[in-house]
Amino acid sequence: MKQLYDINSLASVLSVPPSDIFRIEISEVNRVLPGQIGDRYYCVIKPDRFICYYLKKGIINNQVSLLFKDFQEAKFYCKRGKLYFESNFKGYFFPFYAKRTSWKSNAGRSFINHLSKHLSISNFKDYKLYTGKAFFLSYFKHISGK
């Protein structure tokens, strides 16, 4: 099996463009995506779901498919210079964060667009601040955790 050490090789194996992969990181241990804080998942966004892949030693070690309709609530918040996403997925707390480039990517925007068809995401102003032109001004406010 081909070793998957970067997003381009994973995209090739999954037959999707690299811009269609949304990279997220677990911000708290949870029951939705297995792993530890900081574990990175590579997600492919479909109209009704997103499929999360976890790589270990360059091999797909875990794959979890999450239906957008199973989200019950969701919100954004900025803390320490990162944009966090917290949600309730089938009754389970599901938090993660992504880098600014991931939120601004085609896949990040697609995630938000598809999820927004099923529920309203709270505190959307933090998403707009984090991905907008005024990011660097707001960054200093949020880096302190306020």
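First, a word on what this report is: a plain description of the structure on this page. (Residues numbered from 1 in each chain as written. Predicted model: local features only at pLDDT ≥ 70, side-chain atom pairs only at ≥ 80, totals over all residues. Heavy atoms only, no water.)

**Focus: the state of the cysteines**
Here comes step 1: Throughout the structure, instances matching the rule amount to 0 disulfides.
Here comes step 2: Free of any disulfide, Cys-52 has its nearest cysteine sulfur in Cys-43, 3.1 Å distant. (Disulfide = S-S within 2.5 Å.)

**Side note on the side chain of Ser-27**
Here comes step 1: Within the element layout of this structure, Ser-27 appears in the loop between β1 (21-26) and β2 (40-45).
Here comes step 2: Judged by its relative accessible area of 13%, Ser-27 is buried.
Here comes step 3: At 3.4 Å, the side chain of Ser-27 and the backbone nitrogen of Phe-96 are in polar contact.
Here comes step 4: Once residues lying within four places of it in the same chain are set aside, the contact partners of Ser-27 are Ile-37, Tyr-84, Pro-95, Phe-96 and Tyr-97. (Helix = DSSP H or I, 4+ residues; strand = E, 2+ residues; numbered from the N terminus. Buried < 20%, exposed > 50% of the residue type's maximum accessible area, 1.4 Å probe, protein only. Polar contact = N/O pair within 3.5 Å; in protein donor to acceptor, adjacent residues only side chain to side chain. Contact = heavy atoms within 4.5 Å.)

**Some remarks on unusual backbone geometry**
Here comes step 1: Of note in the backbone geometry, Ser-15 takes a positive phi value of approximately 60 degrees without being a glycine.
Here comes step 2: Looking at the element boundaries, Ser-15 is found in the loop between α1 (7-14) and β1.
Here comes step 3: A relative accessible area of 66% places Ser-15 in the exposed class.
Here comes step 4: A positive phi angle is found at Lys-90, which is not glycine, with a value near 55 degrees.
Here comes step 5: Its place among the elements puts Lys-90 in the loop between β6 (82-89) and β7 (92-98).

**Quick look at the nonpolar core**
Here comes step 1: Within the largest apolar cluster, 33 residues are counted, with the highest numbers of intra-cluster contacts made by Phe-22, Phe-50, Phe-85, Trp-103 and Phe-111.
Here comes step 2: Those residues in contact with Phe-22 that sit more than four places away from it in its chain are Tyr-41, Tyr-42, Cys-43, Ile-45, Phe-96, Ala-98, Ser-102, Trp-103, Ala-107, Gly-108 and Phe-111.
Here comes step 3: Formed by 10 residues, the second largest nonpolar core is a distinct cluster that contains Val-16, Ile-21, Tyr-42 and Val-44. (Core = buried A, V, L, I, M, F, W, Y, C linked by side-chain atoms within 4.5 Å.)

**Some details on the packing of aromatic side chains**
Here comes step 1: With the rule as written, the count across this model stands at 26 aromatic pairs.
Here comes step 2: Between the aromatic rings of Tyr-41 and Tyr-54, the centroid separation amounts to 5.4 Å while the plane-to-plane angle is 40 degrees, which identifies the pairing as tilted. With a gap of 13 residues between them, Tyr-41 in strand β2 and Tyr-54 in strand β3 (residues 49-56) connect regions that are remote in the sequence.
Here comes step 3: Aromatic pair Phe-85 and Trp-103: ring centres 6.5 Å apart, planes at 45 degrees, arrangement tilted. With Phe-85 in strand β6 and Trp-103 in helix α2 (residues 100-104), this pair connects stretches of sequence that are 18 residues apart.
Here comes step 4: The exposure class assigned to Phe-85 is buried, which follows from its relative accessible area of 0%.
Here comes step 5: Assessed through its relative accessible area of 0%, Trp-103 is described here as buried. (Phe/Tyr/Trp six-rings, centres within 6.5 Å; stacked < 30°, edge-to-face > 60°.)

**Observations regarding a positive patch on the surface**
Here comes step 1: Judged by side-chain charge, Arg-23, Arg-80, Lys-82 and Lys-99 come together as a positively charged surface patch.
Here comes step 2: Within the secondary structure, Arg-23 sits in strand β1.
Here comes step 3: You can call Arg-23 partly exposed: its relative accessible area is 33%. (Patch = residues over 30% accessible without salt bridge, like charges linked within 9 Å, V, L, I, M, F, W, Y side chains within 5 Å. Areas by Shrake-Rupley, 256 points an atom, 1.4 Å probe, with all protein chains shown as cover. Salt bridge = Lys/Arg side-chain N within 4 Å of Asp/Glu carboxyl O. Lys, Arg positive; Asp, Glu negative; His and termini not counted. Charge placed at Lys NZ, Arg CZ, Asp CG, Glu CD.)

**A few points about the pattern of salt bridges**
Here comes step 1: Applying the stated criterion to the full structure yields 5 salt bridges.
Here comes step 2: Measuring nitrogen to oxygen at the nearest pair gives 3.4 Å for the salt bridge that ties Asp-70 to Lys-69.
Here comes step 3: Classification of Asp-70 by relative accessible area gives buried; the value is 13%.
Here comes step 4: Lys-69 sits in the exposed class, given a relative accessible area of 57%.
Here comes step 5: Through salt bridges with shared partners, a single ionic network connects Lys-69, Asp-70 and Lys-90.

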